[in-house]
Amino acid sequence: MQKQRIFEVERLEDPSLAFPPPRVRPAPRLADDSDVSVIGPAHRLQDDLAHAFAADARWSVKRTVIVGLVFHVAVLGSLALAAGGLLPQIVR
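Residues numbered from 1 in each chain as written. Predicted model: local features only at pLDDT ≥ 70, side-chain atom pairs only at ≥ 80, totals over all residues. Heavy atoms only, no water.

**Q** Quick question: what am I supposed to make of the overall build of the protein here?
**A** Helix and strand counts for the protein come out as four helices and zero strands. Secondary structure elements in the protein, listed N-terminal to C-terminal, are α-α-α-α. Counting over 92 residues, the protein shows a buried share of 0%. Element-wise, carbon and sulfur atoms account for 68% of the exposed surface of the protein, whose accessible area totals about 9300 Å². (Helix = DSSP H or I, 4+ residues; strand = E, 2+ residues; numbered from the N terminus. Buried < 20%, exposed > 50% of the residue type's maximum accessible area, 1.4 Å probe, protein only. Areas by Shrake-Rupley, 256 points an atom, 1.4 Å probe, with all protein chains shown as cover.)

Here it is in structure tokens:
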């Protein structure tokens, strides 16, 4: 205990020991061909599957938009029918 206290007092009295030396930060640099890709294997597999299915089925953006619109119309239509059936119940 006494040795620890002596070390603390000496450290506070000596300004060079009071503060730790600053860390040297690495300089920023541009990435080049030798850098490793940050894309993980799971993400790469997902991209490969997406490309394979898109190429196999010839799925286009137009078809995706049409399927999305049909889906949303069906969901919103069913919600409207449910709300229409609920209104008479609330009025009673």
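Structure's up, so let's keep going.
**Q** Would you take a moment to explain a nonpolar patch on the surface for this structure?
**A** A surface patch of nonpolar side chains, amounting to about 400 Å² of accessible area, comprises Phe-71, Val-75, Leu-76 and Leu-79. In this structure Val-75 comes out as partly exposed when scored by relative accessible area, which is 33%. (Patch = residues over 30% accessible without salt bridge, like charges linked within 9 Å, V, L, I, M, F, W, Y side chains within 5 Å. Salt bridge = Lys/Arg side-chain N within 4 Å of Asp/Glu carboxyl O.)

**Q** I would appreciate a short explanation of the confidence of the model for the protein in the present structure.
**A** Detailed reading of predicted coordinates is not advised where the pLDDT is low. Residues at a pLDDT of 70 or more form 74% of the protein, whose mean pLDDT is 76. Put simply, helix α1 (residues 2–13) is where the protein has its lowest mean pLDDT, 57, and helix α4 (residues 61–91) is where it has its highest, 86. (pLDDT = per-residue confidence, 0-100.)

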